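Remarks on the overall topology
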Amino acid sequence: MEGIALKVRGLAAWVPGLETQAEIGAWARREQSRLGTNPQDLIFNEGGGLPPLDFVPAMQRRRMTPLSRLAVALAHRLKEDLLPQAKLYFVSLTGESSRQLQVNTMVLQDNEILPATFSTSVFNTPPAMASIILGLKNGYAALYPPAKDFSSALRCAVAPLVAGTRPQVLLIYADARSPDEYQSLDGAQSLSWGFAALLETDSSRDSCVDSESIVAAACSPKDLLRHLLEGSHSLPT
């Protein structure tokens, strides 16, 4: 894929227990000695360590999964800078693992699946929820790359910018904490976290990044977040 100049219009992140850009940057660089608490050791229940979503009605908020809460919160932080033609690309490595475990347990124990549980277990639930709640009307894609090939999802997300079919894309990465039953497995998530980047083409090449450089840097979600932060793109306060 030929590289082009991209501008990071906005950047937002949510990491439980961390509040400042310096703390999140240190965590992304794995410099745990700079932090008072090692965030990899933070364990949160589904009701804690997640965005509060005060702008969402309480009844709707209670039905949302942790992954959907992250997607909605991150999209909300950058909504004001969205262009009318912007498309949402949602990326997750583990998806709705807690809901999928519930569905599998129902099948094994009860030989049936509750519709409400199934409806929030599918891959596209988080970006669909963000689109509905925030009134985003330009489509979305749910991408679930291999654990060691996060860059493949990023390449897909920036492709419309490179091809010139979209002037802007909203990239959201999020993963919820994996169920306790999965914590011993390779690739399990120890906490719920995510970030969003609003990317657009930049003809001026001022304060921009090259599309190929960010794809090459995106071996993992943390690597991409670190790369964006090191480019002096500020997180909203």
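In this report, we go over the structure that sits alongside the text. (Residues numbered from 1 in each chain as written. Predicted model: local features only at pLDDT ≥ 70, side-chain atom pairs only at ≥ 80, totals over all residues. Heavy atoms only, no water.)

1. Brief notes about unusual backbone geometry
Despite not being glycine, Leu53 has its phi angle at roughly 55°, a positive value. Looking at the element boundaries, Leu53 is found in the loop between α1 (21–28) and α2 (58–62). By relative accessible area, which is 3% here, Leu53 ends up buried. (Helix = DSSP H or I, 4+ residues; strand = E, 2+ residues; numbered from the N terminus. Buried < 20%, exposed > 50% of the residue type's maximum accessible area, 1.4 Å probe, protein only.)

2. Notes on the environment of Ser152
Its location among the elements puts Ser152 in helix α7 (residues 150–163). For the pair formed by Ser152 and Ala218, sequence separation is 66 residues and the distance between their alpha carbons is 8.8 Å. Setting aside its immediate chain neighbours within four residues, Ser152 contacts Pro145 and Pro146. There is a polar contact of 2.7 Å between the side chain of Ser152 and the backbone oxygen of Asp149. (Contact = heavy atoms within 4.5 Å. Polar contact = N/O pair within 3.5 Å; in protein donor to acceptor, adjacent residues only side chain to side chain.)

3. Some remarks on the packing of α1 against helix α9 (residues 221–230)
What describes two packed helices is the angle between their axes and the distance between those same axes. Taken N-terminus to C-terminus, the directions of α1 and α9 make an angle of 135°; their axes are 9 Å apart at the nearest point. Between α1 and α9, the crossing angle belongs to the class labelled oblique. Pair α1 / α9 crosses with left-handed handedness. Contact with α1, carried on its side by Gln21, Ile24, Gly25, Trp27 and Ala28, involves Lys222, Leu225, Arg226 and Leu229 of α9 and no other residues of that element. Residues of the contact of α1 with α9, tallied by class, amount to 5 nonpolar, 2 polar and 2 charged. (Axes fitted to C-alpha atoms, helices over the stretch in contact; angles between N-to-C directions. Parallel < 35°, antiparallel > 145°, perpendicular 65-115°, else oblique. Left-handed = near helix turned anticlockwise from the far one by under 90°. Nonpolar A, V, L, I, M, F, W, Y, C, P; charged D, E, K, R; others polar.)

4. Regarding the pairing of strand β4 (residues 168–175)
Among the 8 residues in β4, 8 count as buried, and that is most of the element. Side chains Gln168, Leu170, Ile172 and Ala174 project from β4 onto one buried face, and the interleaved Val169, Leu171, Tyr173 and Asp175 project onto a second face that is buried too. Pairing analysis gives 5 bridges linking strand β2 (residues 87–91) to β4, with the strands arranged parallel. Each residue of the ladder has a partner; that of Tyr89, found in β4, is Leu171. The pairing of β4 with strand β5 (residues 193–201) spans 8 bridges and is classified as antiparallel. Considered in β5, the bridge of Leu171 is made with Ala197. (Pairing = 2+ DSSP bridges.)

5. Regarding helix α3 (residues 66–78)
Its 13 residues place the ends of α3 19 Å apart at the C-alpha level, agreeing with the 18 Å of an ideal helix rising 1.5 Å per residue. Counting buried residues in α3 gives 11 out of 13 residues, a clear majority hidden from the surface. Residues Pro66, Leu67, Ser68, Arg69, Leu70, Ala71, Val72, Ala73, Leu74, Ala75 and Leu78 constitute the buried set of α3. Looking at the buried residues of α3, the elements they touch are β1 (5–14), α2, β2, α6 (125–134), β4 and β5. (Expected span 1.5 Å × (residues − 1).)

6. Details of the packing of aromatic side chains
In this description, a pair of aromatic rings is defined by centroid distance and the angle of the planes. A full pass over the atoms with the stated rule returns 6 aromatic pairs. Aromatic pair Trp27 and Trp193: ring centres 4.6 Å apart, planes at 80°, arrangement edge-to-face. Of the two residues, Trp27 sits in helix α1 while Trp193 sits in strand β5, which places them 166 residues apart along the sequence. Each member of the pair Trp27 and Trp193 is classed as buried. For the ring pair Phe150 and Tyr173, a centre distance of 5.8 Å and an interplane angle of 90° mean the geometry is edge-to-face. With a gap of 23 residues between them, Phe150 in helix α7 and Tyr173 in strand β4 connect regions that are remote in the sequence. Note on accessibility: Phe150 and Tyr173 belong to one class, buried. Among the aromatic residues, ring-to-ring pairing joins Trp27, Phe150, Tyr173, Trp193 and Phe195 into one connected group. (Phe/Tyr/Trp six-rings, centres within 6.5 Å; stacked < 30°, edge-to-face > 60°.)

7. What about α7?
The terminal C-alpha atoms of α7 lie 21 Å apart, and with 14 residues this matches the ideal 20 Å at 1.5 Å per residue to within 8%. The sharpest bend along α7 reaches about 35° and sits at Ala157, with the proline Pro160 one to four residues further on. Phe150, Ser151, Ala153, Leu154, Ala157, Val158, Pro160 and Leu161 are the residues of α7 that are buried. Of the residues flanking the end of α7, it is Gly164, one or two places downstream, whose phi is positive at about 80°. (Bend = angle between axes of the 7 residues up to and from the residue.)

8. Some words on the pattern of salt bridges
Summed over the entire model, instances satisfying the criterion amount to 2 salt bridges. Arg9 is the salt-bridge partner of Glu200, the closest N and O atoms lying 2.8 Å from each other. Of this pair, Glu200 sits in strand β5 while Arg9 sits in strand β1, and the two are 191 residues apart along the sequence. Between Asp223 and Arg226 there is a salt bridge, with its nearest N and O atoms 2.8 Å apart. Residue Asp223 and its partner Arg226 are located together in helix α9, separated by 3 residues, close to a single helical turn. Looking at Arg226, the relative accessible area reads 22%, which means it is partly exposed. (Salt bridge = Lys/Arg side-chain N within 4 Å of Asp/Glu carboxyl O.)

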